[in-house]
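# A look at the structure
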Amino acid sequence: MQNRTPRIPEQPAPNRAELDATLTVELASVVTGARRRALRDGDRHIDTAHLLHSLMESDPEVRAAFADGPQLAKVLGYLVQRSIGYGLRWQGAVEDSGAVSPVRDTGVDGWSPSAAAALEGAREHAGRRGAHRAGGLDLLAAIAADAECRAVEVLDRAGVGAGWLADRTADRLAETSGSA
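Residues numbered from 1 in each chain as written. Predicted model: local features only at pLDDT ≥ 70, side-chain atom pairs only at ≥ 80, totals over all residues. Heavy atoms only, no water.

## Considering the nonpolar core
Counting residues in each nonpolar core, the largest one holds 40 residues, and the members touching the most others are Phe-66 and Val-75. Elements with a minimum of two residues in this core: α2 (25-41), α3 (48-58), α5 (69-81), α6 (113-128), α7 (136-145), α8 (150-157) and α9 (162-178). With 6 residues, the single largest contributor to this core is α6. Apart from residues no more than four positions distant in its own chain, Phe-66 is found in contact with Met-56, Gln-71, Leu-72, Val-75, Leu-155, Val-160, Trp-164, Leu-165 and Arg-168. (Core = buried A, V, L, I, M, F, W, Y, C linked by side-chain atoms within 4.5 Å. Buried < 20%, exposed > 50% of the residue type's maximum accessible area, 1.4 Å probe, protein only. Helix = DSSP H or I, 4+ residues; strand = E, 2+ residues; numbered from the N terminus. Contact = heavy atoms within 4.5 Å.)

Structure below.
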């Protein structure tokens, strides 16, 4: 039987050496999962919804940032639906919430400007709290801070306020930093 899935060339990734130096192993795995999801969905760019989906699937700390099981399930439900209806309007359009100045070159081919900004925001967030590598909660905080990104649109539709999630993520990061 012949595979009917169109073969899409792998998207260029951010400089892997740079990623390895600034992300935890777990977050690097999340980025790889987001890249696979974007390719499977036929998207040209990794966007913040791909990152959020991969974070929620693979990072228990991120899942714990959500208040309850039903809330988590509802967000995941919207993310899953993106390839079968919800989110189809995003196909062929590059996510750009304005989080990155058009003058500033993100240097990240295959990434939406918003996703590149979220990844940079995660690195900056980790640096502010004295960590050498960004983790899943750092990325979740950066995503929640961009009110115009696709991931926040998904959160809003699922009834999860981005401001509430940003506050809850900050609290969880403070808890984990205090116990280190």
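## A few points about the packing of α6 against α7
Where α6 contacts α7, the axes come no closer than 8 Å and their chain directions differ by 120°. Between α6 and α7, the interaxial angle falls into the category oblique. Note that α6 runs across α7; the crossing there is right-handed. Contacts between α6 and α7 involve Ala-118, Leu-119, Gly-121, Ala-122, His-125 and Ala-126 on the former and, on the latter, Asp-138, Leu-139, Ala-141, Ala-142 and Ile-143. Tallied by class, the residues present in the contact of α6 with α7 amount to 8 nonpolar, 2 polar and 1 charged. (Axes fitted to C-alpha atoms, helices over the stretch in contact; angles between N-to-C directions. Parallel < 35°, antiparallel > 145°, perpendicular 65-115°, else oblique. Left-handed = near helix turned anticlockwise from the far one by under 90°. Nonpolar A, V, L, I, M, F, W, Y, C, P; charged D, E, K, R; others polar.)

## Some words on the confidence of the model for the protein chain
Residues of the protein chain with pLDDT of at least 70 account for 72%, and the chain-wide mean is 79. Element-level pLDDT for the protein chain is lowest in helix α1 (residues 16-22), with a mean of 60, against a maximum mean of 96 in α7. Overall, residues 1-14 carries pLDDT values under 50, and its contacts beyond four positions in sequence, including any with other chains, amount to 25 contacts. Counting interchain partners and residues more than four positions distant, the pLDDT-below-50 stretch residues 100-107 has 5 contacts. (pLDDT = per-residue confidence, 0-100.)

## Side note on the pattern of salt bridges
Enumeration over the complete set of coordinates arrives at 5 salt bridges. A salt bridge links Arg-37 to Glu-57, with the nearest nitrogen and oxygen atoms 2.6 Å apart. Of this pair, Arg-37 sits in helix α2 while Glu-57 sits in helix α3, placing them 20 residues apart in sequence. When its relative accessible area of 10% is taken as the criterion, Arg-37 is described as buried. Note on Glu-57: relative accessible area 48%, which makes it partly exposed. (Salt bridge = Lys/Arg side-chain N within 4 Å of Asp/Glu carboxyl O.)

## A word on the environment of Val-154
Inspection of the secondary structure puts Val-154 in helix α8. Classification of Val-154 as buried rests on a relative accessible area of 1%. For the pair formed by Val-154 and Arg-82, sequence separation is 72 residues and the distance between their alpha carbons is 9.4 Å.

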